[in-house]
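Residue-level listing of the chains:
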Amino acid sequence: MTSTLAAPPQTRQVVVRAARNAFAGTPGRLRLAGIATVLACLVFGLFAFVAATTRANALANARADAAQLVRVQSIRTNLVFADANLTNAFLVGGLEPPSARAAYEQGIATASKTLADAANDSTADAKVLGNVNQVITRYTGLVESARANNRLGYPLGAAYLRQATNLLRSDALPPLAALGQTEQARVNHAYSDSAGATAWLVAGLVIALVVLLVTQVWLSVRTRRTFNPPLVIATALVLVIGVAVAGVLAWSQGKAKDTRGGAYFATLGLATARIDAFDAKSAESLALIARGQGQAYNASFDNLSANVSAVLDDAARRGGADEKAAQERFRDYLAVHARVRAADDGGHWDDAVKLATGQANTVFQNFSDASGTALDRRSAQLRHNLSSARSPLPAFAWIGLIAGVAAAIAAGLGVAPRLREYR
Amino acid sequence: MRRVILGVLAAAVLVAGCGAGSTPQLPRVAPSSSSPAPSSSAPPAPGCDDNIYKSRVASYAPGASWADSATVAKIKSRGVLRAGVAADNLLFGHRNPITGVIEGFDIDVANEVAKAIFGTASGHVEYVVENFAQRIPDLQSGKVDIVADIMTINCARWGQIAFSTVYFQAGQQVLVRKNAPYKNIADLNGRKVCTAKGSTGNENVKSLYPQVRRVIVDNISDCMVLFQQGSVEGIVSDNTVLNGFAAQDPYAQIVGPKFTNEPYGLGFNKANVDFVRYVNALLAKWLDPKDGTWAAIYHKWLPGPLPNPPSTNFDRPLP
């Protein structure tokens, strides 16, 4: 069985002897040194290429995942925005204000469009998003039934509204929240891939420099020449390009890290704050609709608004004027909300409704505008920063590879003449 | 991210009767009171017998000192009467979607009580919207002073709360689709029928028609949504509720005879006997055709000729 694979004993001895001769004595060692330096330079080039490419791909993934995360958050935001307008319009009584209807339509339309974009962009998310899309269809169906009944003056409309808004909260928002978590994990994963890239470069650089330096020291001892110019050139090339690629990697990593602590964190925070704020606005309306039985909604409002305040306080501390504006506008809204609750708890339901459908809407709109502006800016900054952190990397991957090949050629040219001296 | 979904909105739909039934997707129901729902297992009031009508509906006599009520004095000093009402029952208590105002037969009765206490109802009634299962816990906790929400008087409930004398006579029936082959509730054996948690309708179907598969929801109006979506074949409730549903859906009809007798009383906290006596004195006056208050409310909300008003019964011994 082995006879066909293993060389016959005689042949094997010949080969072994030839090999031993090839690497025996000074010429043999020279030959070995030549091969080692060429390989080491090629390894450097390859590893530099892999390092920069890995980083570039990781950052591209981080950017795509972050974009998908922003989209998923935007779907949630638009759904709770639509629902907040719907429930508030219902509270007004009578025909809904055209502006509230338009806002509802716009929220649903934007959510649906963003959902389609997000599903196209990620096959992994498409199934969840498809299910959410079905829920949105059922939700809008229930809303239309609520409307049709309302128009006829039937109290059954209230039951349909309750079904709709509960359906959204039970079947659409939780899977989207889970998807948001998944996207965040993907961004984190991309970041750790990105951090791993430097190890490749360092390994390539160390291997190449050690082999080149050991070879040169050995050559200068063996020969009368202190320096071997081609090998010096190869070493310089590896060192300069290695340091350059390392510099670019460090710069891009620094930039990506800053982005994560800055624009990414801020985008995530603002998106969360907006979702919870719209949800809270719905809870304010639902508590009044429940009329005397709104404790659960009020508790929910308190939880949600505490989240919003915590996130906005943090964002305002880290961020700029946009975040501070959003924080202040939300405080304005909370002040009006406190008056809504005081009126309702004091038995003045009509006054509470008047506030909740009037002044509360005005100040909430200001918050919505301010936080929307802040979110748009931060999200644009996020895209821009991750793109610019990535942009020089592909070029430097090729520069590293070409430098490795060039250094290998130089190393070969440096060792070959010494070897010829022994012929 | 600490997402706080309105967790309390979790589905509370039960399919009873036939254990293997599939749970319908809808409804996700509104938050319900955390207090335990009353059930038929609550011990009935001693000496009360549901099978003897007079024993069941007897309330406290107004007596000569009825107007001298400490509870009324408390309500007066507070400035508002807290009334537990329905907001989804078209004829008896509903929120008018066009005006946003809560109105109906029961609302008018509650308003008359407030008018008697304050001189005018305007600004003196705080409506607390309740589903059926919330009525008794809210009376027991003192959250509301009075419940005016098509509440059937029975002995189990007399064990938990107090009732006024009867102010309306209803009965239970079943609502089905117009083209459906069902002529009465017995035809719905093995079919899904919707009832509301904490309602006598639910208890009656359970004991009288155990073969019917009950789908139990928190709010009776959720039954109508399930019915219109085709998830249930019928709805069992008081004819007062079903008439309101039929008025909102031309494809629905009430079939079969009334299979129960549902005398309605206003609900009170068990301890507020003085308040019950106060309101009983008012009801005795309103039900009298010579006063005409009851007749006016009836004509305002219900079609058809005026029936005889329910007769008062004040034979319950004071505790």
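Per chain, residues are indexed from 1 in the order of the written sequence. Each chain takes a letter, starting from A, and each ligand takes a number, starting from 1, following the order in which they are written. Given that the model is predicted, a residue must reach a pLDDT of at least 70 before its local features are reported, and side-chain atom pairs must reach 80 or more before they are shown or counted; all residues, however, enter totals for whole chains, interfaces and linings. With hydrogens and water stripped out, all remaining heavy atoms of the structure feed into the side-chain values.

Every helix listed is a DSSP run of H or I at least four residues long, and every strand listed is a run of E at least two residues long, numbered separately from the N terminus. Looking only at helices and strands, one finds 10 helices and 16 strands in chain B. Contact definition: two residues touch when any of their heavy atoms are within 4.5 Å. Counting contacts in chain B only where the partners sit at least 6 residues apart, residues at least 24 apart contribute 71% of the total. Values of accessible area rely on a 1.4 Å probe in the Shrake-Rupley scheme; residue burial ignores everything except the protein chains shown. In the structure as shown, chain B presents an accessible area of about 12,500 Å², 53% of it carried by carbon and sulfur atoms.

This part covers helix H5 (residues 156-222) of chain A. A helix is expected to span 1.5 Å multiplied by its residue count minus one. Compared with an ideal rise of 1.5 Å per residue, which puts 67 residues at 99 Å, H5 of chain A spans 100 Å between its outermost C-alpha atoms and is within 8% of the ideal. The largest bend along H5 of chain A measures about 35° and falls at Leu 173 of chain A, with the proline Pro 174 of chain A one to four residues further on. Each residue is assigned a bend, namely the angle between axes fitted to the seven residues that terminate at it and the seven residues that start at it.

This brings us to the interface of chain A and chain B. Counting residues at the interface gives 44 residues for chain A and 41 residues for chain B. Overall, the association of chain A and chain B removes approximately 3,800 Å² of surface from exposure, summing both partners, and the carbon and sulfur fraction of that is 54%. By buried area we mean the combined loss of accessible area, with a 1.4 Å probe, across both parts when two parts are placed together. Together, Pro 155, Arg 291 and Gln 293 of chain A form the three largest contributors to the area buried by chain A at its contact with chain B, with a combined 18%. For this analysis, a salt bridge means a side-chain nitrogen from Lys or Arg found within 4 Å of a carboxyl oxygen belonging to Asp or Glu. In this assembly, chain A and chain B are joined by one salt bridge. The partner of Asp 222 of chain B in a salt bridge is Arg 162 of chain A, and the shortest N-O contact between them spans 2.9 Å. Here a polar contact is recorded for every N or O atom pair within 3.5 Å, except that within protein the pair must consist of a potential hydrogen donor and a potential acceptor, and residues adjacent in sequence are included only if both atoms are side-chain atoms. Across the chain A-chain B interface, the total number found is eight residue pairs in polar contact (both at pLDDT 80 or more). Secondary-structure elements contributing two or more residues to the side of chain A that touches chain B are helix H2 (25-92), helix H4 (123-151), H5, helix H6 (229-290) and helix H7 (295-318) of chain A. The biggest single contributor to the side of chain A that touches chain B is H5 of chain A, with 14 residues.

Before going further, it helps to spend a moment on a nonpolar patch on the surface. All names here are of chain A. Together, Phe 23, Leu 32, Ile 35, Leu 39, Leu 42, Val 405, Ile 409 and Leu 413 line one region of the surface with nonpolar side chains, adding up to about 710 Å² of accessible area. Only H2 and helix H11 (393-420) provide two or more residues apiece to the nonpolar patch. The greatest single-element share of the nonpolar patch, amounting to four residues, is contributed by H2. Here, patches come from residues exposed beyond 30% relative accessible area and free of salt bridges, joined within 9 Å for like charges and within 5 Å for nonpolar side chains (Val, Leu, Ile, Met, Phe, Trp, Tyr).

Moving on: the environment of Asp 145 of chain B. Residues and elements named next belong to chain B. Its place among the elements puts Asp 145 in the loop between helix H4 (135-141) and strand S7 (146-147). Each residue gets one of three labels from its accessible area relative to the maximum for its type: buried under 20%, exposed over 50%, partly exposed in between, using a 1.4 Å probe on protein chains only. On the basis of relative accessibility, which here comes to 9%, the residue Asp 145 falls in the buried class. Distance from Asp 145 to Asn 111, taken between C-alpha atoms, is 13 Å for residues 34 residues apart in sequence. Leave out the neighbours within four places in its chain, and Asp 145 touches Ile 75, Arg 78, Val 80, Leu 81, Arg 82, Leu 139, Gly 267, Phe 268 and Phe 275. Among the polar contacts made by the side chain of Asp 145, one reaches the side chain of Arg 78 at a distance of 2.7 Å.

A few words now on the packing of aromatic side chains. How two aromatic rings sit relative to each other is given by the distance of their centres and the angle of their planes. All names here are of chain A. Note on aromatic pairs: the rings of Phe, Tyr and Trp (six-membered ring only in Trp) are paired at centre separations within 6.5 Å, and the planes decide the class, stacked below 30 degrees, edge-to-face beyond 60, tilted for the rest. Evaluated as defined, the whole model comprises 25 aromatic pairs over all chains. Between Tyr 104 and Tyr 139 the ring centres are 6.5 Å apart and the planes differ by 45°, which places this aromatic pair in the tilted class. One end of the pair, Tyr 104, is in helix H3 (residues 98-121); the other, Tyr 139, is in helix H4, and 35 residues separate them in sequence. Between Phe 278 and Phe 364, the ring centres sit 5.4 Å apart and the planes meet at 65°, which makes this aromatic pair edge-to-face. Taken together, the residues Phe 278 in helix H6 and Phe 364 in helix H10 (residues 359-390) connect sequence positions 86 residues apart. Members of the aromatic cluster, connected to one another through ring pairs, are Phe 81, Phe 278, Phe 301, Phe 330, Tyr 333, Phe 364 and Phe 367.

Let us now look at the nonpolar core. Residues Leu 79 of chain A together with Phe 105, Phe 168, Ile 235 and Phe 275 of chain B are the most contacted members of the largest nonpolar core, which totals 151 residues. Per element, the largest residue contribution to this core is 13 residues, and it comes from H6 of chain A. Beyond its immediate stretch of four places on either side in the chain, Phe 168 of chain B contacts Phe 92, Phe 105, Thr 240, Glu 262, Pro 263, Tyr 264, Trp 294, Tyr 298, Leu 302 and Pro 310 of chain B. By size, the runner-up hydrophobic cluster in this structure holds 41 residues, among which are Ala 51, Leu 205, Leu 212 and Ala 234 of chain A. Only buried residues count toward a nonpolar core. Its members are Ala, Val, Leu, Ile, Met, Phe, Trp, Tyr and Cys residues joined through side-chain atoms within 4.5 Å.

Attention now goes to the layout of surface pockets. Considered as a void within the structure, the largest pocket measures approximately 830 Å³ in volume. Within this scheme a cavity is a closed region of a 1 Å grid, computed over the protein atoms alone, that accommodates a 1.4 Å probe without allowing it to escape, whereas a pocket is open but has protein on both sides within 12 Å along at least five of seven lines; lining residues each have an atom within 4 Å of a point. What lines the largest pocket is a set of 36 residues, among which Arg 291, Gly 347, His 348 and Trp 349 of chain A together with Glu 126 of chain B lie closest to the centre. Broken down by class, the residue content of the lining of the largest pocket amounts to 12 nonpolar, 14 polar and 10 charged. Considering only enclosed or pocket space, the second largest pocket measures out at about 520 Å³ in volume. Residue lining of the second largest pocket: 25 residues in total, with Val 70, Ser 74, Asn 78, Leu 375 and Asp 376 of chain A positioned closest to the centre. Within the residue set of the lining of the second largest pocket, elements represented by two or more residues are H2, H3, H6 and H10 of chain A. Grid points are joined across faces, edges and corners, and a volume is the space filled by probe spheres set on the points. Ten residue types, Ala, Val, Leu, Ile, Met, Phe, Trp, Tyr, Cys and Pro, are classed as nonpolar, four, Asp, Glu, Lys and Arg, as charged, and the remainder, Gly among them, as polar.

We now examine the state of the cysteines. All names here are of chain B. Any pair of cysteine sulfurs within 2.5 Å is marked as a disulfide. All chains considered together, the criterion is met by two disulfides over all chains. The disulfide partner of Cys 48 is Cys 155, and the S-S distance across this bridge is 2.0 Å. Residues Cys 48 and Cys 155 are joined by a disulfide whose S-S torsion is about -75°; by sign, that bridge is left-handed. Separated by 107 residues along the polypeptide, Cys 48 in the loop between strand S1 (14-16) and helix H1 (53-57) and Cys 155 in helix H5 (residues 155-158) bring together distant segments of the chain. Here Cys 194 engages in a disulfide with Cys 223; their sulfurs sit 2.1 Å apart. Residues Cys 194 and Cys 223 are joined by a disulfide whose S-S torsion is about -80°; by sign, that bridge is left-handed. Placement of the pair is Cys 194 in strand S11 (residues 192-196) and Cys 223 in helix H7 (residues 220-228), with a sequence separation of 29 residues.

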